Amino acid sequence: MSSLSIIIPCYNEEAVIMESYRRTKAVADRLDIPATIIYVNDGSTDRTRELLNGIAEADKRVCLIHFSRNFGHQPAVTAGIHHCSSDLAIIMDADLQDPPELIPDILALRDREQANAVYCVRRSREGDHAFKRATAKAFYRVMNAMSEVQFPLDAGDFRLIDRKVMNEFGRLKEHGKYIRGLVSWVGFKQVPFYYKHEARAAGTTKYPLSKMIRFATLALVYFSNKPLRLAMGLGFTAVVVGIVLAVWFSLGKIYGFSHAESGWTSTITIITFFGGVQLLTVGVLGHYIGVLFDEVKARPEYIIDELVSAGEKPKREGCPG
Ligand code: UDP
Ligand code: MG
């Protein structure tokens, strides 16, 4: 019989964590396979840590990974997968936007389809405001247009993965991980599960615009070289425009149809245009070099302050499955 771990990253979720645990536990109790919960506390600065410690003390099926500081959502999920020793894992947000009550249906779908992964597709995003809905929709489509790998549209990190996928994920060396992309990338049999993305049960989003932009850039840079090629294309276009203008102005001067010498505006326009193109292309190149630099430094993706398993500090690394 297989076992399940529910991996939940949490960052400053004091407002929702107790309710989230209550609903997740109720579902875990009803499952016909043994289930554990792995909470990854991503350096919360509110009461999340003590609330989680209280939960783990009372419920021995709860494993806690406390980070030394805030490393981000993707490193938190990564740590959960690395420390999971169950046969199956479900990745879920703490804020109940992904309803834990769907877990039995997800497991049933996996059994029916004999799939290695089930990715949950948001059929509607009730809880998200118009800006988030529009940017998310655009993001998944731009990613597919830019990337060499095709990803399922409108699927977040809410998904089930089996031991095969977890083992392959564990072998990935890159430090910047776009998890939903990587899970698609490893392959095997993956099937969609459609659901309604609920509103956040309590608290506020931990993904402000700055984090959303960083996340989208990570996804794009790690899965596509197209921005580099686009930069080259832009540079090439600028050169062609420059040559055409130079010929045009020279001929104009010879045959007297251009009054460029008196044209302050055209000079400024050209300087600004070429300056912009240069900065943009250097910026794109610089970003890839920055990412390369981070990868070469090979710092760990996360640092664990404390691991609590079965209510105590475990002897060996990892959460029981
Ligand atoms: N999260 C995290 N570290 C972060 C930001 C978010 O572990 O730096 C967690 C957060 O606690 C939640 C999940 O990642 O469980 C998704 O975050 P959130 O719900 O705030 O994002 P949104 O749904 O608004 O995009
Ligand atoms: Mg959320």
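Above this text you will find the structure in question.
Residues numbered from 1 in each chain as written. Chains lettered and ligands numbered in written order. Predicted model: local features only at pLDDT ≥ 70, side-chain atom pairs only at ≥ 80, totals over all residues. Heavy atoms only, no water.

What to know about the sheet that holds strand 7 (residues 190-197)
Right, so step 1: Reading across from one edge, 7-5-6-4-1-2-3-8 is the order of the eight strands in this open sheet, with mixed pairing throughout. Two strands close off the open sheet at either side, each with one partner strand: strand 7 and strand 8 (304-309). For this sheet, the mean inter-axis angle between neighbouring strands, taken without regard to orientation, is 20°.
Right, so step 2: Packed on one face of the sheet, helix 1 (residues 17-30) meets strand 1 (4-10), strand 2 (35-41) and strand 3 (62-67) and runs near 160° to strand 2.
Right, so step 3: Packing against the sheet, helix 5 (residues 130-146) makes contact with strand 5 (117-125) and strand 6 (155-162), and its axis sits at approximately 140° to strand 5. (Pairing = 2+ DSSP bridges. Helix = DSSP H or I, 4+ residues; strand = E, 2+ residues; numbered from the N terminus. Axes fitted to C-alpha atoms, helices over the stretch in contact; angles between N-to-C directions. Contact = heavy atoms within 4.5 Å.)

What to know about the site of ligand 1
Right, so step 1: Lining the immediate surroundings of ligand 1 are 18 residues, of which E13, D42, K132, T205 and K206 lie closest.
Right, so step 2: Within the backbone of P9, an N or O atom sits 2.7 Å from an oxygen atom of ligand 1.
Right, so step 3: At 3.4 Å from a nitrogen atom of ligand 1 is found a main-chain nitrogen or oxygen belonging to H73.
Right, so step 4: For ligand 1, the protein covers 94% of the area, taking 530 Å² as the surface of the free molecule.
Right, so step 5: In terms of residue class, the shell around ligand 1 is built from five nonpolar, five polar and eight charged. (Near = heavy atom within 4 Å. Polar contact = N/O pair within 3.5 Å; in protein donor to acceptor, adjacent residues only side chain to side chain. Areas by Shrake-Rupley, 256 points an atom, 1.4 Å probe, with all protein chains shown as cover. Nonpolar A, V, L, I, M, F, W, Y, C, P; charged D, E, K, R; others polar.)

Focus on the coordination of the magnesium ion (ligand 2)
Right, so step 1: Here the magnesium ion (ligand 2) is held by D95 (OD) and Q97 (OE1), and the distances to it run 1.9 to 2.1 Å. Accessibility assignment for this pair places D95 and Q97 in one class, buried. (Donors = N, O, S within 2.8 Å, 3.2 Å for Na, K, Ca; no water. Buried < 20%, exposed > 50% of the residue type's maximum accessible area, 1.4 Å probe, protein only.)

A word on the environment of F215
Right, so step 1: One can find F215 in helix 8 (residues 209-223).
Right, so step 2: For the pair F215 and D93, spaced 122 residues apart in sequence, the C-alpha to C-alpha distance is 16 Å.
Right, so step 3: Apart from the residues lying within four places of it in its own chain, the contact partners of F215 are Q74, F139, Y178, R180 and Y207.

Some thoughts on the environment of A219
Right, so step 1: Turning to its location among the elements, A219 is positioned in helix 8.
Right, so step 2: Judged by relative accessible area, A219 falls into the buried class, the value being 0%.
Right, so step 3: Sequence separation between A219 and G176 is 43 residues, and the spatial gap between their C-alpha atoms is 8.8 Å.
Right, so step 4: Other than its neighbours up to four places away in sequence, A219 contacts F139, M143 and Y178.

Considering helix 4 (residues 103-113)
Right, so step 1: Listed as buried for helix 4 are I103, I106, L107, L109 and R110. Along the axis of helix 4, the buried residues cluster in a sector spanning 160°; they form a single face.
Right, so step 2: On its buried face, helix 4 is in contact with strand 1, helix 1, strand 4 (88-91), strand 5, strand 6 and strand 7.
Right, so step 3: Following helix 4 by one or two positions, Q114 has its phi on the positive side, about 50°. (Arc of directions from axis to C-beta.)

Digging into empty space enclosed by the protein
Right, so step 1: Applying the stated criterion across every chain yields a total of one cavity of 30 Å³ or more.
Right, so step 2: Estimates place the volume of the largest cavity at around 40 Å³.
Right, so step 3: Surrounding the largest cavity, Y140, F151, P152, A155, R159, Y178, R180, G181 and S184 form its lining.
Right, so step 4: Of all the secondary structure elements, the ones that give two or more residues to the lining of the largest cavity are strand 6 and helix 7 (179-186).
Right, so step 5: Residues that form the lining of the largest cavity fall into these classes: five nonpolar, two polar and two charged. (1 Å grid on protein atoms, 1.4 Å probe; cavity = no way out; pocket = protein on both sides within 12 Å on 5 of 7 lines; lining within 4 Å. Points joined across faces, edges and corners; volume = space filled by probe spheres on them.)

A word on the nonpolar core
Right, so step 1: L4, Y39, I103 and I106 are the most contacted members of the largest nonpolar core, which has 37 residues in total.
Right, so step 2: If we ignore the near neighbours within four places in the chain, the residues touching Y39 are I8, C10, I17, Y21, L52, V62, C63, L64 and I65.
Right, so step 3: Within the second largest apolar cluster, 36 residues are counted, among which are I38, A79, Y140 and V183. (Core = buried A, V, L, I, M, F, W, Y, C linked by side-chain atoms within 4.5 Å.)

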